[in-house]
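# Observations on the model geometry
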Amino acid sequence: MARIKVELPASPAGGKERSYDILVGIDSLADLGEIIEKLSWCQDILIITDPQVNNLYGDKLRCGLKNIKNSTIEVPRGERYKNLQTASKLYDALAKNSAHRDSMIIALGGGVIGDLAGFAAATYMRGIRYVQVPTTLLAQVDAAIGGKTGVNHPKCKNLIGSFYQPGLVFIDVKTLTTLPARELRTGLAEVVKYGVIEDADFFKFLEANSHHLNTKAFEAPDTLRAALKVWEIIVAESAKIKAKIVARDETEQGLRMILNFGHTIGHAIETLTKYYAYNHGEAVAIGMVAAAKIARHLDLLDKESVQRIVNLLDKVGLATQAGGLSARKVVQALGIDKKVIKGKLRFVVPEKIGKVVIKDNIPTRIITQALLETGCK
Ligand code: NAD
Ligand code: GLY
């Protein structure tokens, strides 16, 4: 099992340890109970999950929790339930179970469950411990790490929330084998992102192993074994990169913004298409291509590197063209992005594979040109 540490300063109030481990293994879910027991972290646990994930993995997790009192609450599936009403139901369940400061939450599921359960943990009794057990690729490489918790508001996604770090992130990559192909691909956009922003060797590893990175590889026993080994490396490497960035800039004052590579245009595309035509990773993939083309126009990135980014996204089945969206409308939608700070839109652009810079004041003309070259009209 790989172990990655997210190094954080102890809490100023009381000096409480806040650094935590990310454990990445294959078929390891049933071992979590013993690990938690040994840590003596809690007297009782509320598992927060959704019906699909509970069905697939609830029993496996619970069978390891033999000696700790636990109960499970299911939240309906889907982004539209990531709201204050659902959070309120979680508080009801915690109160009904007489949860106290020695109680703990386990978030078992994708990013929606992780964000919701983390938010409930951050706010119930001013904060109780929680463990992230992410079961989608997106949650394993991104959402479960770094302590961003929260819920949506009718006016804006993730508007309400707080930075509140988990006590442990426990990842069993075998859970990826039941993901629909589209869910696997959406996480792959974040994986490719890590290679571009931080690690050229990791990018090369992805290029060399792209044939493992699809649900077909899970179908036969020998390809499954090989694919899981590759996934263990990929998830651990991605977690390492995210952990390093979070450790240096926990509350996104500067460096953590590089995690938004591809997300500025990606969010604009999601907003414009009303979160319907593209899921998050698909929109981010197109956003990464457009950002790479912006970098090319700024003479920061060479043509070959742009092509390598396009090729890798293509190989893992992600769209690299925006399918005729209006470039003007995408530019308009950029104006309302959360990354607008003091009136300036910040773009994360690559200088080479493995290194990005943050730029503002990029002329609209260049953004439009890059969008036109990325399939916009
Ligand atoms: P999701 O949580 O909606 O999960 C997608 C679907 O997959 C769900 O219907 C779920 O039931 C199903 N599922 C989960 N695990 C499964 C498995 N192993 N097998 C089969 N089905 C499974 O989607 P997501 O992409 O994981 O997360 C998206 C959310 O994450 C968004 O709300 C986004 O805002 C948030 N997010 C948060 C952060 C952060 O830093 N906190 C970062 C990125 C994204
Ligand atoms: N998903 C971006 C971040 O955690 O900062």
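Residues numbered from 1 in each chain as written. Chains lettered and ligands numbered in written order. Predicted model: local features only at pLDDT ≥ 70, side-chain atom pairs only at ≥ 80, totals over all residues. Heavy atoms only, no water.

Looking up the protein in an unreviewed UniProt entry gives the name 3-dehydroquinate synthase, with the organism given as candidate division WOR-1 bacterium RIFCSPLOWO2_02_FULL_46_20. Entered under Catalytic activity (unreviewed entry) in the UniProt record, the comment concerning the protein runs "7-phospho-2-dehydro-3-deoxy-D-arabino-heptonate = 3-dehydroquinate + phosphate". Of the protein, the UniProt comment under Pathway (unreviewed entry) reads exactly: "Metabolic intermediate biosynthesis; chorismate biosynthesis; chorismate from D-erythrose 4-phosphate and phosphoenolpyruvate: step 2/7." (UniProt positions renumbered as here; feature names shortened; annotations may be inferred.)

Not every one of the 25 residues close to ligand 1 is listed here, only the nearest: Asp-50, Glu-79, Thr-135, Thr-136 and Thr-178. For ligand 1, an oxygen atom lies 2.9 Å from a polar atom in the backbone of Val-112. A distance of 2.6 Å separates an oxygen atom of ligand 1 from a polar atom in the side chain of Thr-136. When ligand 1 sits alone it has 880 Å² of accessible area, and the protein chains cover 89% of it. Looking at the shell around ligand 1, the elements with two or more residues in it are helix H2 (51-64), helix H4 (111-123), helix H5 (137-143) and strand S8 (156-163). Looking at the shell around ligand 1 element by element, the count peaks at four residues for H2. (Near = heavy atom within 4 Å. Polar contact = N/O pair within 3.5 Å; in protein donor to acceptor, adjacent residues only side chain to side chain. Areas by Shrake-Rupley, 256 points an atom, 1.4 Å probe, with all protein chains shown as cover. Helix = DSSP H or I, 4+ residues; strand = E, 2+ residues; numbered from the N terminus.)

What follows deals with the site of ligand 2. In the vicinity of ligand 2, the contacting residues are Asp-142, Lys-148, Lys-242, Glu-252, Arg-256 and Leu-259. In the model, a nitrogen atom of ligand 2 is placed 3.0 Å from a nitrogen or oxygen of the Asp-142 side chain. Lys-242 places a side-chain nitrogen or oxygen 2.6 Å from an oxygen atom of ligand 2. Coverage of ligand 2 by the protein amounts to 85% of the 200 Å² it exposes when considered alone. Here the shell around ligand 2 is composed, by residue class, of one nonpolar, no polar and five charged. (Nonpolar A, V, L, I, M, F, W, Y, C, P; charged D, E, K, R; others polar.)

Moving on, we come to the pattern of salt bridges. According to the stated counting rule, one finds 20 salt bridges in the structure shown. Asp-142 serves as the salt-bridge partner of Lys-242, at 2.6 Å between the closest nitrogen and oxygen. Taken together, the residues Lys-242 in helix H8 (residues 221-248) and Asp-142 in helix H5 connect sequence positions 100 residues apart. Like Lys-242, the residue Asp-142 is buried in the burial classification. We note a salt bridge from Asp-299 to Arg-296, for which the minimum N-O separation is 3.8 Å. Salt bridges here are not isolated pairs; linked through shared partners, they connect Arg-3, Lys-5 and Asp-21. (Salt bridge = Lys/Arg side-chain N within 4 Å of Asp/Glu carboxyl O. Buried < 20%, exposed > 50% of the residue type's maximum accessible area, 1.4 Å probe, protein only.)

Attention shifts here to the nonpolar core. Ranked by size, the top nonpolar core spans 86 residues in total, and within it Ile-22, Leu-137 and Trp-231 carry the most contacts. The dominant element in this core, judged by the number of residues it contributes, is H8, at 12 residues. The contacts of Trp-231, once residues within four sequence positions are left out, are Leu-137, Val-173, Leu-176, Leu-184, Leu-188, His-212, Leu-213 and Phe-218. The next biggest cluster of nonpolar side chains, apart from the first, holds 22 residues, and it includes Ala-93, Val-112, Ile-113 and Phe-119. (Core = buried A, V, L, I, M, F, W, Y, C linked by side-chain atoms within 4.5 Å. Contact = heavy atoms within 4.5 Å.)

For a regular strand, the rule is simple: side chains alternate between the two faces of the sheet. In terms of strand pairing, strand S12 (residues 347-352) meets strand S13 (residues 355-359) through five bridges, oriented antiparallel. Residue pairing in the sheet places Val-348 in a bridge with Ile-358 of S13. Hairpin connection of S12 to S13: two residues between the antiparallel strands, including Gly-354 at a positive phi of 105 degrees. (Pairing = 2+ DSSP bridges.)

On to unusual backbone geometry. Positive phi, normally seen in glycine, also occurs at Arg-126, with a value near 60 degrees. Inspection of the secondary structure puts Arg-126 in the loop between H4 and strand S6 (129-134). Even without being a glycine, Asn-361 presents a positive backbone phi close to 60 degrees. Note that Asn-361 resides in the loop between S13 and helix H13 (364-372).

With respect to the helices, strands and loops of the structure, His-263 is situated in helix H9 (residues 263-272). Remark: the alpha-carbon pair of His-263 and Ser-71, spanning 192 residues in sequence, is separated by 37 Å. Polar contacts involving the side chain of His-263 include one to the side chain of Glu-190, which spans 3.1 Å. At a separation of 3.0 Å, a polar atom in the side chain of His-263 contacts the main-chain carbonyl oxygen of Phe-261.

This part takes up helix H7 (residues 200-209). Turning to H7, its buried residues number three or more, namely Phe-202, Phe-203, Leu-206 and Asn-209. For H7, the arc enclosing every buried residue in end-on projection is 140 degrees, short of the 170-degree limit, so these residues lie on one face. When the buried face of H7 is taken as reference, the exposed residues oriented beyond 90 degrees from it are Asp-201, Lys-204 and Ala-208. As for H7, its buried residues are in contact with helix H6 (181-198), H8 and helix H11 (303-315). The opening residue of H7, the one whose side-chain oxygen lies 3.1 Å from the backbone nitrogen of Asp-201, is Asp-199. (Arc of directions from axis to C-beta.)

Turning our eyes to something else, we now look at the sheet that holds strand S4 (residues 69-74). Pairing is mixed across the open sheet formed by seven strands, whose spatial order is S1-S2-S9-S6-S5-S3-S4. Whereas interior strands pair on both sides, the edge strands pair on one side only; in this sheet they are strand S1 (2-6) and S4. Going from strand to strand, the sheet's axes swing by 20 degrees on average, the running direction of each strand aside. When strand S2 (residues 20-25) meets strand S9 (residues 168-172), the two strands line up parallel, connected through five bridges. (Axes fitted to C-alpha atoms, helices over the stretch in contact; angles between N-to-C directions.)

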